[in-house]
Amino acid sequence: MRILLISPRLEYPVTAPGWEARPAWLNLPQMSLLILKALSPEKHQVTTVEEEREAIPWSGTWDLVGITVMTATAPRAYKLAKIFRATGARVILGGIHPSVLPEEARQYADAVLVGEAESLWGQVLDDAERHQLKPYYHHDQERPEVLEIPLVHYEQQDKPRGPVLCPVITSRGCPFRCEFCSVSQIYGSRVRNVPISRVLAQIEPVRDNYVAFLDDNLTTSREYALELFSALSKLRVKFIAQVPLRFILDEDLFHRAVAAGLKGMLVGFESIAAGSRKHLKKAVSLADTGLAIRRARAAGVMLHGSFIFGLDEHDQTIFSQTLDFIMEHQIPSISAYVLTPYPGTVVFQRLASAGRLLHRHWAFYDHISPVFHPLRLSLEELAQGYLQFRTALYSLRGIARRFLAGMAVSTLAYLQLNLAFRQTTLGLKEHYQAYFRWLEQAQPAFPEETSMAAFGHLRQ
Ligand code: B12
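*Asks:* Teacher, can you tell me more about the nonpolar core here?
*Replies:* Generally speaking, nonpolar side chains in soluble globular proteins are found buried as a group. I67, F84, F213, F229, F239, F247 and M265 are the most contacted members of the largest nonpolar core, which has 121 residues in total. When residues of this core are sorted by domain, at least three fall in each of domain 1 (2-142) and domain 2 (165-440). The contacts of M265, once residues within four sequence positions are left out, are A241, V243, F247, I248, F254, A296, V301, M302, L303 and H304. Of all hydrophobic cores here, the second largest spans 18 residues; its members include M1, I3, L113 and Y137.

Structure (structure tokens):
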């Protein structure tokens, strides 16, 4: 079969011309597509497309089209599904959004894969070959203790220069169940690990690149992490990972990670408001937070802190408080977002039943456009406060004020990250203007009707 695997781009009903929600240069290959490709027997011809940076091969004819879907990319994925089905291809959807809302996704596709694909993709291909695709494929609820993920090939014929960041997975499952996160919906709360020898086999051929561990927390099992760091130190790799703040406070584990090649960490601070912290399962005291930040800097590890605005405890002071906190502690790299209630999360349920959701047009569930009524802020105050926060943080003064902290780690990476976020902040005001105008108008019914006229337009 000729198989096309797509990771769709974000497509808003309205936005500012040329504005991009996130830095486009972030070249992290889509692991889900690489895994599906690796799982496909050689007799099939598989093409992968990341629409954020590659054109969809409209001229080809495809037997099966697989699309990976996040909530924000769902409208675009549904549109693509409809277009490809009209050409005679069969379409299967998978990923976090179809796994949480399979019936919705099924309206646009021949089949939906719910959950993890490793044990199901072979069957999907066999069924597709026999023209007997089932509407739903559900992964086994009894997940095996050991996580088996195929070895993927990053290098592809049409992409001669290999990626700078190579995604690697060591585990799935997260025990935290944070109110706003949907990860345990798809992977469960029990943590399962890939055998270390298998992780090393994946890393070995690309060890000159940066390895990006995709795990929601690389250190959930301390024992496994110790073993992994000891093995990695022999390979001399450089890696980045998502970890909780507590990991940095575990001095021995942290220094072993640094010795193993840890260069960057994505840490969820989520909120510095005292009221929020009790709801966040990962919270540590503010004093320990300061200690962890200093320790990361002293070790030369880039700390990328993630913050959320719009929690029920937040009022207008949260923006300046967070900015002061970042400046005081000199956090070099930040991703700060507006709370987004993803379907399947506790926060979605709570806001939906309180009538606080503005709409269900998923494209705006992007962590940037507010899609619910905040409790102690108006909608406009949330958008305005967020915009002012980003404008101040990524102003030249805001970047200069943290420059020494950036230099202590990597001047180049510091400037790259901050200037990229500055770039995406520049058109944000216009995006909000377009979004608020759209909110005021009668909104298109969701799911949006896609006329076949869109097909012709896209093919040009
Ligand atoms: C890496 C990552 C990214 C990368 C993606 C880059 C890339 N090219 O991979 C970056 C940093 C760019 C990113 C951006 C965003 N992300 Co992100 N990201 C992740 C993360 C950490 C890992 C995803 C991943 O690749 N996992 C590994 C793959 C193999 O797993 P998988 O995708 O689940 O795929 C398996 C199954 O789902 C299934 N499957 C998946 N797709 C398909 C398709 C078919 C056809 C089939 C059959 C099966 C199938 O098979 C796979 C193998 O079992 C997840 C958290 C998580 N644990 O999932 C968040 C996550 C997916 N991201 C999330 C969000 C919100 C975003 C942003 C909106 C945030 C933002 N504002 O920046 C943006 C959106 C960008 C966009 N274009 O739309 C949310 C999505 C929630 C939701 N309901 O949509 C998640 C779940 C994080 C969270 N805690 O909630 N992200």
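There is more to say, and it comes next.
*Asks:* Is there a simple way to explain the site of the ligand in this structure?
*Replies:* Close to the ligand lie 41 residues; L28, T68, T71, E118 and Y187 are nearest. A distance of 2.7 Å separates an oxygen atom of the ligand from a polar side-chain atom of E118. Within the residue set of the shell around the ligand, elements represented by two or more residues are α1 (31-39), β3 (64-68), β4 (90-94) and α6 (183-187). Examining the composition of the shell around the ligand, we find that four residues originate from one element, α1, more than from any other. Split by residue class, the shell around the ligand holds 22 nonpolar, twelve polar and seven charged.

*Asks:* Before we go on, may I ask you to explain the sheet that holds β4 in this structure?
*Replies:* Note on sheets: strands pair through backbone hydrogen bonds, and any given pair is parallel or antiparallel. Pairing is parallel across the open sheet formed by six strands, whose spatial order is β2-β1-β3-β4-β5-β6. Taken across any chain shown, the strands that pair with only one partner, and hence form the sheet edges, are β2 (45-50) and β6 (136-138). With direction set aside, neighbouring strand axes in the sheet form an average angle of 20°.

*Asks:* Explain the sheet that holds strand β12 (residues 262-270) to me, please; I cannot follow it from the model alone.
*Replies:* Spatially, the six strands line up as an open sheet ordered β7-β10-β11-β12-β13-β14, and their pairing is parallel. The sheet is open, and its two borders are formed by β7 (165-168) and β14 (333-338), each paired with just one other strand. In this sheet, neighbouring strand axes are inclined to one another by 20° on average, regardless of whether the strands run parallel or antiparallel. With six bridges connecting them, strand β13 (residues 302-309) and β14 associate as parallel partners. Directly across from H304, in β14, lies its bridge partner S333. Packing of helix α10 (residues 251-260) onto the sheet brings it into contact with β11 (238-242) and β12, and relative to β12 it is tilted by some 140°. Here helix α15 (residues 379-393) sits on the sheet and contacts β13 and β14; the angle it forms with β14, its principal contact strand, is near 170°.

*Asks:* Mind showing me how you'd approach the state of the cysteines here?
*Replies:* What makes a disulfide is a covalent bond joining the sulfur atoms belonging to two cysteines. According to the stated counting rule, one finds zero disulfides in the structure shown. Residue C174 stays outside any disulfide, its sulfur separated by 6.4 Å from that of C181, the closest cysteine.

*Asks:* Where do I start with the domain arrangement of the protein in this structure?
*Replies:* Put simply, an interface is often sized by how much accessible area is lost when its parts join up. One can read the domain layout of the protein as domain 1 (2-142) and domain 2 (165-440). One C-alpha centre belongs to domain 1, the other to domain 2; they are set 26 Å apart. In this assembly, 34 residues from domain 1 lie in contact with 35 residues from domain 2. Between domain 1 and domain 2, roughly 2,700 Å² of surface is buried when both sides are summed, and carbon and sulfur atoms account for 74% of that area. The largest per-residue losses of area from domain 1 upon contact with domain 2 belong to W19, M31 and E116, which jointly make up 21% of the total buried on that side. Linking domain 1 to domain 2 there are three salt bridges. Taking the shortest distance from any N to any O, the salt bridge between E118 and R172 comes out at 3.0 Å. Looking at the side of domain 1 that touches domain 2, the elements with two or more residues in it are α1, α2 (74-86) and α3 (96-100). In terms of residue count, α3 provides more of the side of domain 1 that touches domain 2 than any other element does, four residues in total. Partitioned by chemical class, the residues of the side of domain 1 that touches domain 2 number 20 nonpolar, eight polar and six charged.

Criteria and thresholds
Residues numbered from 1 in each chain as written. Predicted model: local features only at pLDDT ≥ 70, side-chain atom pairs only at ≥ 80, totals over all residues. Heavy atoms only, no water. Core = buried A, V, L, I, M, F, W, Y, C linked by side-chain atoms within 4.5 Å. Buried < 20%, exposed > 50% of the residue type's maximum accessible area, 1.4 Å probe, protein only. Domains from an automatic or database assignment. Contact = heavy atoms within 4.5 Å. Near = heavy atom within 4 Å. Polar contact = N/O pair within 3.5 Å; in protein donor to acceptor, adjacent residues only side chain to side chain. Helix = DSSP H or I, 4+ residues; strand = E, 2+ residues; numbered from the N terminus. Nonpolar A, V, L, I, M, F, W, Y, C, P; charged D, E, K, R; others polar. Pairing = 2+ DSSP bridges. Axes fitted to C-alpha atoms, helices over the stretch in contact; angles between N-to-C directions. Disulfide = S-S within 2.5 Å. Buried area = accessible area lost by both parts, 1.4 Å probe. Salt bridge = Lys/Arg side-chain N within 4 Å of Asp/Glu carboxyl O.

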